Amino acid sequence: MLRTAKDSPSRTWAGIDWLAGSVDLWDLLGEAGWRSDHCDLQGLAQHLRAFGPRREKPTEATADGELVTGKRAPFVPADAIVASIAQTAFRYLFEGTGLVLAAEAGPGSFYAYKYLLTNVWGEVAGMVELGGELTLRKGGRPSLRFELTGLGCGLFEHRGDASADHAQRWCALRAKLERVGTMLTRVDTAFDDFDGERNLALARCMYEVGEFDYSFGGERKRPQFKSFDASKGGSTFYVGHSSSEKQLRVYEKGKQLGDEESAWVRWELQMRSSTRKRICLDVLSDPLSYMRGAFQCLDFVASCMRRLEVTQEVTKATAKSVLRHVRRQYGATLHQVVKLAPCAEDLLQLITALSVDKVPKWARTGRLNWSDVPGLVNRPDDEEESSDEQ
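Residue positions are counted from 1 within each chain, in the order its sequence is given. Where local features are concerned, this predicted model is filtered to residues with pLDDT of at least 70; where side-chain atom pairs are given and counted, the filter is 80 or more; whole-chain, interface and lining totals use all residues. Values shown for side chains rest on all heavy atoms present in the structure; no hydrogens or waters enter the calculation.

**Student:** Can you walk me through the packing of helix H2 (residues 25–32) against helix H4 (residues 80–94) in this structure?
**Tutor:** Between two packed helices, both the angle of their axes relative to each other and the distance between the axes serve to describe the pair. Axes here refer to lines fitted to C-alpha atoms; in helices the fit is confined to the stretch in contact. Angles between the N-to-C directions go from 0 to 180 degrees. Helix and strand definitions follow DSSP, with helices as H or I runs of at least four residues and strands as E runs of at least two, each counted in order from the N terminus. Where H2 meets H4, the closest approach of the two axes is 10 Å, and the angle between their N-to-C directions is 70°. Relative to H4, the element H2 lies roughly perpendicular. Every residue of H4 that contacts H2 at Leu25, Leu28, Leu29, Glu31 and Ala32 is listed here: Ile85, Thr88, Ala89, Tyr92 and Leu93. Any residue that is not Ala, Val, Leu, Ile, Met, Phe, Trp, Tyr, Cys, Pro, Asp, Glu, Lys or Arg is counted as polar, Gly included; the first ten are nonpolar and the last four charged. Its residues assigned to classes, the contact of H2 with H4 comprises eight nonpolar, one polar and one charged. To sort the angles, those under 35 degrees are grouped as roughly parallel, those over 145 as roughly antiparallel, those from 65 to 115 as roughly perpendicular, and the leftovers as oblique. In what follows, a contact means two residues having at least one pair of non-hydrogen atoms within 4.5 Å.

Here is the structure:
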């Protein structure tokens, strides 16, 4: 019965949904052909070390007795050299992907400077960080950190564009990263079941029968789990700890986006590098093999990456939530306005006058046609209404 549930046919998608790592800055600048008329590499290294958190003596401690490894320094705005390096790194890694590099830098946690990556509407999709003496690798070579969120990964691979070669984009990025001494620190892979055939009940059942168990030191171990049930926003089932080398999260993605009736379930594997185990760049060209390899019971993960459908599902789930809110809050008002309008042309003119020439957030994630709209609106007698309007 468990195998039948895992093999149930349904609409699915799978791919990379978070990426973070660091590169050797000297290697990147060499590959990108960056040159400076103001300083050589040695002078540049000294320049970058001059900013950001400072390394403290290992004997120093806080009032609580904890050792101090770094001390934050006053933030100094990035100069032209730092900005030029950030722009060079951005062009080398992400040019032509739809991502936008922020014009100004803010302070990072370990790095001196953090440049946000956004979409064209300014929503955060990742970051590029550089500078500071706490970020040097062996031999004193500086590093540069990059990160793509779920939104950033979607923009990078042009998710939602059926004509884009998504796999080729990740393979091209892998080839670039191989040349610049990359160390991946976090990669999330996701498997979406839009019809909810593989749901949280299946994940819990798989855990109880031992399908997530592993061997360590000759003994059979069972990872810890945590279950979180929410009346709104959907429920989540966790296998493993968020700080460990791997954690599986199974949650109701559609409900998280606001569609209370959505069956959409996401299986999301978070992989982190450790001193014992590093994430290989192969994950960029074959992410699903790594997802199946992390837990053998995830053998149901399909090999077909259908990115167009996941973008449409995100848009539909969010739009459905928005339209439900409009009907609950303003349905009575709209009904009265429709009754008052002498004709359809006058009604359209009023709606046009009230509209604002701005793309709402829910419409930015993908394509939505007018033919999709009627299916997103429930009939009044399908729901328990609503709130009184003032």
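The rest of the description comes next.
**Student:** Could you clarify how one ought to interpret the packing of aromatic side chains in this entry?
**Tutor:** Each pair of aromatic rings is reported with the distance of its centres and the angle of its planes. Here a Phe, Tyr or Trp ring, Trp counted by its six-membered ring, pairs with any other such ring whose centre lies within 6.5 Å, and the pair is stacked when the planes are under 30 degrees apart, edge-to-face when over 60, and tilted otherwise. A complete count under the given rule lists twelve aromatic pairs for this structure. Ring centres 4.6 Å apart and planes at 45° place the aromatic pair phenylalanine 156 and tryptophan 170 in the tilted group. Residue phenylalanine 156 is found in helix H5 (residues 150–156), and its partner tryptophan 170 is found in helix H6 (residues 166–178); the two are separated by 14 residues along the sequence. Each residue is assigned to one of three classes by its accessible area relative to the maximum for its type, calculated with a 1.4 Å probe on protein chains only: buried under 20%, partly exposed between the two thresholds, exposed over 50%. In this structure tryptophan 170 comes out as buried when scored by relative accessible area, which is 1%. Chaining the aromatic ring pairs together yields one cluster made of Phe90, Phe94, Phe156 and Trp170. For the cation-ring pair, arginine 186 lies above tryptophan 18, with the distance from its terminal atom to the ring centre recorded as 4.2 Å. Sitting above the plane of the tyrosine 207 ring, arginine 222 keeps its charged end 5.5 Å from the centroid. We call a charge positioned over a ring when the NZ of a Lys or the CZ of an Arg lies within 6 Å of the ring centre and within 35 degrees of the ring normal.

**Student:** Whenever I open this one, the nonpolar core confuses me. Can you help?
**Tutor:** Nonpolar side chains in soluble globular proteins tend to end up buried together. We call a set of buried Ala, Val, Leu, Ile, Met, Phe, Trp, Tyr and Cys residues a nonpolar core when their side-chain atoms join them within 4.5 Å. Among the nonpolar cores identified, the biggest contains 71 residues, and Leu19, Ile85, Phe94, Tyr115, Leu130, Trp267 and Phe295 are the most heavily contacted of them. By residue number, the principal contributor to this core is H4, which donates ten residues. Leaving out residues up to four positions away in the same chain, phenylalanine 295 has contacts with Phe212, Val239, Lys246, Leu248 and Leu269.

**Student:** What is the right way to read the pattern of salt bridges from this model?
**Tutor:** Opposite charge on two side chains permits pairing when their charged atoms draw close. Salt bridges are defined by distance alone: a side-chain nitrogen of Lys or Arg within 4 Å of a carboxyl oxygen of Asp or Glu. What the rule picks out here adds up to 20 salt bridges. In this structure, glutamate 178 engages arginine 174 in a salt bridge whose closest nitrogen and oxygen atoms are separated by 3.1 Å. With glutamate 178 and arginine 174 both in helix H6, this residue pair falls four residues apart, about one helical turn. Judged by relative accessible area, glutamate 178 falls into the partly exposed class, the value being 47%. The salt bridge involving aspartate 282 is made with arginine 174; its shortest N-O contact spans 2.5 Å. Taken as a pair, aspartate 282 in helix H9 (residues 282–285) and arginine 174 in helix H6 lie far apart in primary sequence, 108 residues in all.

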